[in-house]
Amino acid sequence: MIALKEAYNAGLFKSEHLGKNISAGIVVGIVAMPLAMAFAIASGVSPAQGIYTAIISAFFVSIFGGSRVQIAGPTGAFIVLLSGILMQYGLAGLQIATIMAGIILVLMSIAKLGDVIRFIPAPVIVGFTAGIGVTIWVGQWQSFFGFPPIAHAEMFHEKLYLMILSLPQSHMPTLMISLISLAIILIMPKIPIAKKLPAPLWAMIVATCIQSYYQFPGVATIGTAFGGIPQGLPSLTLPEISISDVFALIGPAFTIAMLGAIESLLSAVVADGMTGHQHNSNQELFGQGLANIVCPLFGGIAATGAIARTATNIRQGGTSPLAGLVHCVFLVLVLFFLAPLAANIPLASMAAILFVVSYNMSDVPNFIRLIRVAPRADSLILLITFFLTIFTDLVVAVNVGVVLAILQFMRKMVFSVDVHAIHHTEIEPQFQKELEHHPEMLVYTIEGPLFFGAVSAFERSLAHIDKDPKSLILRFESVPFVDLSGLKMLNEIVKHLQKRGIEVYLCEANPQVRRHMYRAGLFRTLGRKYLWRKFSTALEKCEADLAEKNKHKEK
């Protein structure tokens, strides 16, 4: 309850803040109601389950989350994933996978992985988010145009082709309601008086009034498709979980957890930028995990932080978790008193809402801009993730995108490693005379991480020294870290140089690198007197050894 305690300590529950938080919660509840129903329908479940999810998830995230203003609920990012799981494993499988995802999120919180997840590369996030937006958009064509159900098609291009062939069979009243709803969503925000209510709510109200008055035959509504929305709250239902279900659903559960973590932390970061208050990433994952554990027990689906609803909360003056809790109360009151009125809501209006949501998710201007200005490798990763999300599935897209981003990062790191000799004129002034008087002494500096990807470059630079000095000093001042492959290769190179009669001295390694050197047994190859913390000490030792050798030669 970190965010709750911080808000209380900051005095955000005092009377001067109550009014703004209550009004913000009511407005967010109004925004969340049509979106929750639309996202639930698009995911393949009833609109009531979307409202249940919005209530339960916002309650737990407001109390146990790491952001004061985060609003959780069903989101568009989950639509493609949840509908796929529902088709393959059924509703019981989806509930079990969501509970497992909640447990994974709690474990990630305990393992302090909140900050790590935030470092997923931007091209991957933009690519799969835009891909999800395109998939949602195409998936709503049937409800938007009202053409008859198409034959089952697993692949996206097959489904798209069948839908294009079905466009001439569009149902005109349904299409008319869809276009009116879409126009309202786009126009209402530009009208000063009308924009006090969310545009999706306007669209839903107008579309419902039209259908209630004219009763167009063939127009699908919540009543005809789902039997309406039941009044009251759902009862607790424990799903039957078997070991075989757990193993079968590990993959989907992990994907739900990862996507939920990414979306919730992105939303929290956006909220930080708007409020100036820093969220707690690990606590946020804990709250999201609890929400996803509890939601399926009351008929809900997977939930995460919703950027649009969180931003609305902040713009309306929400400053504490109280706004999220008021949002929950508002939706509960809707279920108790307004549920019967939902029977005439056309699915066409929900499709129009999702058309706009999918466009906003895709963020077409930013998508095009990134492709133009980003480095070529990043643009390719973005496009590959985008097309894999559309034509395969989200799991494959994210996995491939992250792997490609890691390989690209490693490639950059390899090229950042530089190993070169230092001329005596380039070294610190106090050491120039010593090196000038000892041409048989070479100094090399290593810049960049000494890891498995840079082994070849490092080996080529050191193993092919064009002349045989008597002594070689390796400066590790600019080496941030090493791994086992790098240490093993360094050990072999040192042995090779020693066979050529070259004494090797290592110096200026940071404490972490020096500790790894000792653990890897490098001191057994070199001897402890050849590992030094300072360059000056290594240089003095090298000069003394050279002087000792020269004395022996003179004798």
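Everything discussed here concerns the structure shown above.
Every value quoted in this text rests on a predicted model; they were computed, and no experiment measured them.

*Asks:* Even after reading the chapter, I still don't get the overall build of the chain, so can you show me in this structure?
*Replies:* Along the chain, the regular secondary structure elements total 26 helices and seven strands. Relative to a compact globule of 555 residues, whose C-alpha radius of gyration would be 24 Å, the chain shows 31 Å and is clearly more extended. In terms of principal-axis extent, the alpha carbons of the chain reach across some 115 × 60 × 50 Å. Buried positions account for 53% of the 555 residues belonging to the chain. Sequence separation of 24 or more characterises 82% of the internal contacts of the chain that already satisfy a separation of 6 or more. As displayed, the chain offers around 25,700 Å² of accessible surface, 64% of which is attributable to carbon and sulfur atoms. Between the averaged position of the 39 positive side-chain charges in the chain and that of its 33 negative side-chain charges there is a distance of 4 Å.

*Asks:* Explain empty space enclosed by the protein here, please?
*Replies:* A water-sized probe, rolled over the atoms, reveals where empty space remains. Within this structure, the stated rule accounts for two cavities of 30 Å³ or more. Looking at the largest cavity, its volume works out to about 50 Å³. Taken together, Leu506, Cys507, Glu508, Ala509, Arg514, Met517, Leu531 and Trp532 form the lining of the largest cavity. Those elements that place two or more of their residues in the lining of the largest cavity are strand 6 (503-507), helix 24 (511-519) and strand 7 (531-532). Considered as a void within the structure, the second largest cavity measures approximately 30 Å³ in volume.

*Asks:* I tried to follow the packing of aromatic side chains on my own but got confused; where do I start?
*Replies:* Given two aromatic rings, one states the distance between the centres and the angle between the planes to describe the pair. Applying the stated rule across the entire model yields 17 aromatic pairs. Between Phe386 and Phe387 the ring centres are 5.0 Å apart and the planes differ by 70°, which places this aromatic pair in the edge-to-face class. For Phe386, a relative accessible area of 12% corresponds to the buried category. According to the relative accessible area criterion, Phe387 is partly exposed, its value standing at 43%. Each residue in the set Trp137, Trp141, Phe144, Phe145, Phe147 and Phe355 is aromatic and connected to the rest through ring pairs, giving one cluster. For the cation-ring pair, Arg475 lies above Phe535, with the distance from its terminal atom to the ring centre recorded as 4.0 Å.

*Asks:* Sorry, what's going on with the nonpolar core here?
*Replies:* The nonpolar side chains of a soluble globular protein tend to be buried, and buried together. Met37, Phe128, Ile229 and Ile256 are the most contacted members of the largest nonpolar core, which has 99 residues in total. Ignoring any residue separated from it by four or fewer positions in sequence, one finds Met37 in contact with Pro47, Ile51, Met204, Ile222, Ile229, Ile345 and Met350.

*Asks:* Before we go on, may I ask you to explain the pairing of strand 4 (residues 441-447) in this structure?
*Replies:* Here is the key point about a regular strand: its side chains alternate between the two faces of the sheet. Along strand 4, six of the seven residues are buried, which leaves the element largely enclosed by surrounding structure. Summarising the sheet, strand 3 (residues 418-421) and strand 4 pair through four bridges and their orientation is antiparallel. Counterpart to Asp418 in the pairing with strand 4 is Glu447. Sheet topology places strand 4 next to strand 5 (residues 471-478); six bridges connect them, and they run parallel. Its bridge partner being in strand 5, Met441 is matched across the sheet by Ser471.

*Asks:* Even after reading the chapter, I still don't get the sheet that holds strand 5, so can you show me in this structure?
*Replies:* Strand pairs in the sheet, formed through backbone hydrogen bonds, run parallel or antiparallel to each other. One open sheet holds the five strands; their spatial order is 3-4-5-6-7, and the pairing between them is mixed. The open sheet terminates on both sides in strands that have one partner only, identified here as strand 3 and strand 7. By the bridge criterion, five bridges tie strand 5 to strand 6 in an arrangement that is parallel. Its bridge partner being in strand 6, Ser471 is matched across the sheet by Glu503.

*Asks:* Which parts of the structure should I look at to understand the side chain of Thr525?
*Replies:* By the element assignment, Thr525 lies in helix 25 (residues 522-526). In this structure Thr525 comes out as buried when scored by relative accessible area, which is 17%. A distance of 2.6 Å separates the side chain of Thr525 from the side chain of Asn491, its partner in a polar contact. Ignoring any residue separated from it by four or fewer positions in sequence, one finds Thr525 in contact with Asn491, Val494, Lys495 and Gln498.

*Asks:* It is not clear to me how the pattern of salt bridges should be interpreted in this structure. Could you clarify?
*Replies:* When the charged atoms of two side chains with opposite charge come close together, those side chains can pair. Inspection of the entire model under this criterion finds three salt bridges. For the salt bridge of Glu428 with Arg475, the shortest nitrogen-to-oxygen distance reads 3.0 Å. With Glu428 in the loop between strand 3 and helix 21 (429-437) and Arg475 in strand 5, the pair connects residues that are 47 residues apart, well separated along the chain. Two residues, Glu508 and Arg475, come together in a salt bridge whose shortest N-O distance is 2.6 Å. One end of the pair, Glu508, is in the loop between strand 6 and helix 24; the other, Arg475, is in strand 5, and 33 residues separate them in sequence. The residues Glu508 and Arg475 share a single accessibility class, namely buried. Here the salt bridges share partners, and the residues they tie into one network are Glu428, Arg475 and Glu508.

Conventions used here
Residues numbered from 1 in each chain as written. Predicted model: local features only at pLDDT ≥ 70, side-chain atom pairs only at ≥ 80, totals over all residues. Heavy atoms only, no water. Helix = DSSP H or I, 4+ residues; strand = E, 2+ residues; numbered from the N terminus. Rg over C-alpha atoms; globule rule 2.2 N^0.38 Å. Buried < 20%, exposed > 50% of the residue type's maximum accessible area, 1.4 Å probe, protein only. Contact = heavy atoms within 4.5 Å. Areas by Shrake-Rupley, 256 points an atom, 1.4 Å probe, with all protein chains shown as cover. Lys, Arg positive; Asp, Glu negative; His and termini not counted. Charge placed at Lys NZ, Arg CZ, Asp CG, Glu CD. 1 Å grid on protein atoms, 1.4 Å probe; cavity = no way out; pocket = protein on both sides within 12 Å on 5 of 7 lines; lining within 4 Å. Points joined across faces, edges and corners; volume = space filled by probe spheres on them. Phe/Tyr/Trp six-rings, centres within 6.5 Å; stacked < 30°, edge-to-face > 60°. Lys NZ or Arg CZ within 6 Å of the ring centre and 35° of its normal. Core = buried A, V, L, I, M, F, W, Y, C linked by side-chain atoms within 4.5 Å. Pairing = 2+ DSSP bridges. Polar contact = N/O pair within 3.5 Å; in protein donor to acceptor, adjacent residues only side chain to side chain. Salt bridge = Lys/Arg side-chain N within 4 Å of Asp/Glu carboxyl O.

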